[in-house]
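Structural characterization, general
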Amino acid sequence: MTHPLVSQLFFTRAEWLRGLKGLTEEEGARHFGQMNCISWDVGHLAWHEQRYWLQRAQGIVLFPQLVTNFAFGAPMSTPSLKEMLSMWRKVTKQSLVALEALDTEKMAQDLLNKGKPVGQSYGSAMQRLIYHYWYHIGEIQAIRQMLGHQKLPVYVGSIEKQAPYTPE
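This report concerns the structure included in the present document. (Residues numbered from 1 in each chain as written. Predicted model: local features only at pLDDT ≥ 70, side-chain atom pairs only at ≥ 80, totals over all residues. Heavy atoms only, no water.)

**A few points about the packing of aromatic side chains**
In this description, an aromatic ring pair is defined by two values, namely the gap between the centres and the angle between the planes. Following the criterion strictly, the structure yields 5 aromatic pairs and no others. Aromatic side chains Trp16 and Trp88 sit 4.9 Å apart centroid to centroid with 45° between the ring planes, which places their arrangement in the tilted category. A residue pair is termed long-range when its members are at least 10 positions apart, and Trp16 in helix α1 (residues 4-20) and Trp88 in helix α5 (residues 81-100) qualify at 72 residues. Here the aromatic rings of Tyr52 and Trp53 are separated by 5.6 Å at their centres, their planes lie at 65°, and the arrangement is edge-to-face. By the burial criterion, Tyr52 is buried, and Trp53 matches it. Here the aromatic residues Trp16, Trp88 and Tyr133 are joined through ring pairs into a cluster of three or more. (Phe/Tyr/Trp six-rings, centres within 6.5 Å; stacked < 30°, edge-to-face > 60°. Helix = DSSP H or I, 4+ residues; strand = E, 2+ residues; numbered from the N terminus. Buried < 20%, exposed > 50% of the residue type's maximum accessible area, 1.4 Å probe, protein only.)

Pasting the structure below:
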């Protein structure tokens, strides 16, 4: 059975994708002032997913360029939205192995970096990632409003049906 916190991550990912629906390549590349463009945000969340569920949980780095170009504090850039979504999809697909293995006991264990604890449990990492997605969901919706988009998705979507509260 999928751990309830993992179900919340899956729901959050779906809501994030819903917020990206209908964007063009050009719109994904638009910058407003000091804000990163939407395509950069996609690469940034792919980096975060890769960091936790591939690099630390499995010792895998699928895309080294995510580490150098999209980590926290990386410089502003304008990547291809299509490319970033492709990387994100590959990273999240590969992450299923680690996520499906999480149970209550594992959630309390430290993530590792090169075999050494990083001072963050799987559960804390999961919460940080979920909150990180919601931060960028809001940012992306603000950018879409600046692009003139209307009838944007209303958050939080159908959580009661798709990811209701489930006790451990």
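**Focus on the nonpolar core**
Soluble, globular proteins show a tendency: their nonpolar side chains are buried together. In this structure, Leu9, Trp16, Leu20, Val42, Trp53, Leu66 and Met126 are the most contacted members of the largest nonpolar core, which totals 41 residues. Sequence-distant contacts of Leu9, that is, excluding residues within four places in its chain, are made with Glu49, Trp53, Leu99, Met126, Leu129, Ile130 and Tyr133. (Core = buried A, V, L, I, M, F, W, Y, C linked by side-chain atoms within 4.5 Å. Contact = heavy atoms within 4.5 Å.)

**Some remarks on unusual backbone geometry**
Phi is mostly negative for residues that are not glycine, and the peptide bonds are mostly trans. A positive phi angle, close to 55°, is found at Lys114, a residue other than glycine. Looking at where Lys114 falls in the secondary structure, it is placed in the loop between β1 (110-113) and β2 (116-121). Residue Lys114 is classed as exposed on the basis of its relative accessible area of 80%. Positive phi values are uncommon outside glycine, yet Lys151 reaches one of about 55°. Exposure remark for Lys151: the relative accessible area of 84% places this residue in the exposed category.

**Considerations on the pattern of salt bridges**
One pass over the full model with this rule turns up 2 salt bridges. Ionic pairing is found between Glu49 and Arg13, a salt bridge with its closest N-O pair at 2.6 Å. Of this pair, Glu49 sits in helix α3 (residues 38-58) while Arg13 sits in helix α1, and the two are 36 residues apart along the sequence. Exposure class is identical for Glu49 and Arg13. Each is buried. Note that Arg18 and Glu15 form a salt bridge whose closest N and O atoms lie 2.7 Å from each other. Here the residue Arg18 and the residue Glu15 both occupy positions in helix α1, the gap between them amounting to 3 residues, near one helical turn. By relative accessible area, Arg18 is classed as partly exposed at 30%. The class of Glu15 is buried, set by a relative accessible area of 3%. (Salt bridge = Lys/Arg side-chain N within 4 Å of Asp/Glu carboxyl O.)

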